[in-house]
Protein chains: 2
Amino acid sequence: MAVNSPLPLASALKPVAGVEIGFAEAGIKKPNRKDVLVLKVAPTATVAGVFTLNRFCAAPVQIAKAHLAAARESGKPIAALLINTGNANAGTGELGLSLANQTCAALAAQLGCEASQILPFSTGVILEPLPSAKVIAGLPQAVAGLKADNWYNAAEAIMTTDTQPKAGSRTVTIGGHTVTMSGISKGAGMIKPNMATMLGYLAFDAKVAQPVLDVLVKQVADKSFNCITIDGDTSTNDSFMLIATGAGTLEVNSVDSPEYAELAAAVTELSLFLAQAIVRDGEGATKFITITVEEGESVEECRKIAYSIGHSPLVKTAFFASDPNLGRILCAIGYAGVDLDVSKLNLYLDDVWVAKNGGRNPDYKEEDGQRVMQQSEITVRVKLARGAAAATVYTCDLSHDYVSINADYRS
Amino acid sequence: MAVNSPLPLASALKPVAGVEIGFAEAGIKKPNRKDVLVLKVAPTATVAGVFTLNRFCAAPVQIAKAHLAAARESGKPIAALLINTGNANAGTGELGLSLANQTCAALAAQLGCEASQILPFSTGVILEPLPSAKVIAGLPQAVAGLKADNWYNAAEAIMTTDTQPKAGSRTVTIGGHTVTMSGISKGAGMIKPNMATMLGYLAFDAKVAQPVLDVLVKQVADKSFNCITIDGDTSTNDSFMLIATGAGTLEVNSVDSPEYAELAAAVTELSLFLAQAIVRDGEGATKFITITVEEGESVEECRKIAYSIGHSPLVKTAFFASDPNLGRILCAIGYAGVDLDVSKLNLYLDDVWVAKNGGRNPDYKEEDGQRVMQQSEITVRVKLARGAAAATVYTCDLSHDYVSINADYRS
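Residues numbered from 1 in each chain as written. Chains lettered and ligands numbered in written order. Predicted model: local features only at pLDDT ≥ 70, side-chain atom pairs only at ≥ 80, totals over all residues.

Okay, the sheet that holds strand β16 (residues 377-383) of chain B next. Residue and element names in this part refer to chain B. Pairing in this open sheet of six strands is mixed, and the strands run β15-β14-β13-β16-β12-β17 from one edge to the other. One side of each edge strand has no neighbouring strand; the edge strands of this open sheet are β15 (359-360) and β17 (389-396). For strand β12 (residues 288-296) and β17, the ladder comprises seven bridges, and the chain directions are antiparallel. Opposite Phe 288, over in β17, you have Cys 396 as the bridge partner. (Pairing = 2+ DSSP bridges. Helix = DSSP H or I, 4+ residues; strand = E, 2+ residues; numbered from the N terminus.)

Here it is, written out as structure tokens:
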């Protein structure tokens, strides 16, 4: 059960002009489960993405990158995104590339475009061959069902160990133009026995020049999907894609325009919502933790310290136990690899001032720490007293259920 | 219960001439528990150590480093090591330094030396003031009980969440001289709710020049205590100390001598035994995992990859579940931060060839992986095919008991 994260309302998810969505139950791993998703995008659309840095990046990730590059060169736009669950097609070598290409070719044939105009994505078990025939057999169903008002099904179709679909929509007015945006995400653990990957897809109906969208997707990711951690495992398949369909009236041609700033803010807000939804539904999560590191010399050092806290199994089990064992947080700060003068450091748990100038705050009382630790949402705030930079990371606790979920046999 | 690690036999632990050991039940955290240890060393001894790199390093660590440096400058040798459990004296600021100095002064008064000749060590809860009065009150009992044949008690006195004492002795002959060495260690998790720290102490009766011992302790640590990980949390108090008492007949004055090489090999072997004993008794451990990365360009990159595998919660839960979900290992290799060409990489689980040239070995059978995963000792071997360097790291699995132990409230 996700932490403070109600189910999205299907009726609140808005169609985005220029995107049609179809799905299939292709039986890739299990029967009677949506496991193939097609996002068909208008020819006016620009598409940009950020991908996992894992060196074992999956075959579809390699191909999606190549096809994005080819679209830029040829001017032939991306026609559709093809996503399957149940198999990650990672650690699969040359064969994996060939099978992923087959699925792109099959969808291209049905949509009347070239294979290089399809972006493939996979999530699921690593090191096993993609059952490409099953994916391909599911495509006619997905294509026949293409429609605009299908975001809830899209969110369900990319779920793996997620306990609930993750989706959201926003409507904003920018420079007098209405922009509608909808997005979906999936996560759980970075890799679950059968399943891999964080995926996020967000479409909106503004027209955004390709170089501008390329900047936007990186900026947004840095403030959303790159700020979350469940277990520190970066998967082979992580991808976050922005689709600017161009079907609406807003046009953004420069990153220096006021429209860009407003659009970036709105896309970031929805992306952060989708990213946080992944953490709230983290495997076994019972608490949602916000870690903010302030007064640093650089954003990079603040992020390093925030991730060091967020990755520590000892910090995470203390949150699970509602135990204000806050020395563990100091310890994780200390081994973050930042050359700190800890004698100036202050630590807060929500409004409770725990550590003052590197030692226990004389006014800190255990019962105050205890009170905050029992909440389902907790903010850890670290002040480094050495600069003006800050960074925030979102994570969850480490519970018995995390071990249970990940120690389940794959079958 | 530790993995394949029988209790040490008290009768097999050998006195080391030049070391006397006393302990006390000082009630620092709990009554009726050995929690203060004094290792008195002969004036002929040289002492060297390596310490945690955690920036929140504990007050005793800061003082031990300063006293070691002072001994080198003044020529006044280290007289004793003073170790307490039940409180880490970390995250305690100026007060912590003052309290640790008080305990050194109290022991010095009883031994007739200066406070700067005492090396203090603490392990236990972080962020709480050291009950120095209790430590000091225990010293007369510890000093009165000083005797050479006391290593088993020493091993018990430094235990925290360890389920069993860790100790070993060796006798070797080097250049016709008999050298006797004994050592103890403690670990569990890097930090347990109440307890912190990896500690290791090893004494032998050779005479070793200070600069030579300084080199030796680093070389030995790199091949033993620096090759283990349980949960990736580097504590505030980690320390590993070598004591060369000089009471025997072997003298080692140069790192280039054959005697040095033989001594280093023997000390490394016992240190690795003590380090591995910590992993075998890791919190909740049910399996002992050896991770070897070979054919790398540098030892550093091999270590990075080995630690990436050894720290991955997903790899560790798969070992706990005896699930040959080996894509998780590839994934952890991929995000180790090494710029690999994974298409040349091979992965073995004991004798089973799992991944070949970056993809699944066509001859790999799930039942072969399953067979190895059910063992209590497993070797993961990664071949990078890009050089001649190698590194090995030892770790354990991540079980329900790890979460239970670390989610226990501290009281």
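What follows concerns the sheet that holds strand β3 (residues 46-51) of chain A. All names here are of chain A. If you walk across this open sheet you meet the five strands as β3-β11-β8-β7-β6, and the pairing is mixed. Looking at which strands have only one partner, the edges of the open sheet turn out to be β3 and β6 (166-174). Shown here is a sheet whose adjacent strand axes are inclined to one another by a mean of 15°, direction ignored. By the bridge criterion, six bridges tie strand β8 (residues 199-204) to strand β11 (residues 239-244) in an arrangement that is parallel. In the sheet register, Phe 204 faces β11, and the bridge partner there is Ala 244. With respect to the sheet, helix α1 (residues 59-74) is in contact with β3 and β11, its orientation differing from that of β3 by roughly 140°. (Axes fitted to C-alpha atoms, helices over the stretch in contact; angles between N-to-C directions. Contact = placed C-beta atoms within 7 Å.)

Overlaying chain B with chain A gives an RMSD of 0.0 Å, the required rotation being 180° about an axis along which the chain moves by 0.0 Å. Interpreted geometrically, this transformation is the action of a two-fold axis. Residue His 400 of chain B, judged by its C-alpha, is the member of chain B lying nearest the rotation axis, at 3.0 Å. (Least-squares fit on C-alpha atoms with pLDDT ≥ 70 in both.)

Looking now at the interface of chain B and chain A. Of the residues lining the interface, 55 residues belong to chain B; the matching set on chain A comes to 55 residues. Looking at the side of chain B that touches chain A, the elements that each hand over two or more residues are α2 (93-111), α8 (313-320), α9 (327-334), β15 and α11 (400-407) of chain B. A total of seven residues in the side of chain B that touches chain A trace back to one element, the largest contributor, which is α9 of chain B. A per-class count over the side of chain B that touches chain A returns 25 nonpolar, 21 polar and nine charged. (Nonpolar A, V, L, I, M, F, W, Y, C, P; charged D, E, K, R; others polar.)

Two quantities define a packed helix pair, namely the angle between the axes and the distance from one axis to the other. Residue and element names in this part refer to chain B. It is at 9 Å that the axes of α8 and α9 come closest, and there the two elements cross at 160°. As summarised for this structure, α8 and α9 are arranged roughly antiparallel, according to the angle between their axes. Considering how the two elements wind past one another, α8 and α9 form a crossing that is left-handed. Within the contact between the two elements, α8 uses Leu 314, Val 315 and Ala 318 and α9 uses Arg 328, Ile 329 and Ala 332. Taken together, the residues of the contact of α8 with α9 break down into five nonpolar, no polar and one charged. (Parallel < 35°, antiparallel > 145°, perpendicular 65-115°, else oblique. Left-handed = near helix turned anticlockwise from the far one by under 90°.)

Nonpolar side chains tend to gather and get buried jointly when the protein is soluble and globular. One finds Leu 242 and Leu 330 of chain A together with Leu 242 of chain B to be the most contacted residues of the largest nonpolar core, which totals 276 residues. Excluding residues that lie within four positions of it along the chain, Leu 242 of chain A makes contacts with Ala 48, Leu 202, Leu 213, Leu 216, Val 217 and Val 220 of chain A. (Core = buried A, V, L, I, M, F, W, Y, C linked by C-beta atoms within 7 Å. Buried ≥ 20, exposed ≤ 12 C-beta atoms within 10 Å, placed from the backbone.)

Let us look at the packing of helix α1 (residues 59-74) of chain B against α2 of chain B. Residue and element names in this part refer to chain B. α2 packs onto α1 with a crossing angle of 55° between their chain directions and a minimal axis gap of 8 Å. For the element pair α1 / α2, the angle class is oblique. Once α1 is placed against α2, the crossing between them reads as right-handed. Two secondary-structure elements touch here, α1 through Ala 59, Pro 60, Gln 62 and Ile 63 and α2 through Gly 96, Leu 97, Ala 100, Asn 101 and Cys 104.

The phi dihedral of Asn 32 of chain A is positive, around 55°, even though this residue is not glycine. Note that Asn 32 of chain A resides in the loop between β1 (19-24) and β2 (36-41). A residue is classified by how many C-beta atoms lie within 10 Å of it, and Asn 32 of chain A, with 7 of them, is exposed. Located in the positive-phi region is Leu 127 of chain B, a residue other than glycine, with phi close to 80°. With respect to the helices, strands and loops of the structure, Leu 127 of chain B is situated in the loop between β5 (118-125) and α3 (132-144). Among the residues examined, Leu 127 of chain B registers 28 C-beta atoms within 10 Å and is labelled buried.

Residue and element names in this part refer to chain A. Parsing chain A into structural domains produces domain 1 (10-280) and domain 2 (288-407). Sorting the residues of the side of domain 1 that touches domain 2 by element identifies β10 (228-229) and α6 (258-280) as the ones contributing at least two each. If you tally residues by element for the side of domain 1 that touches domain 2, the top one is α6, at three residues. Tallied by class, the residues present in the side of domain 1 that touches domain 2 amount to five nonpolar, five polar and two charged. (Domains from an automatic or database assignment.)

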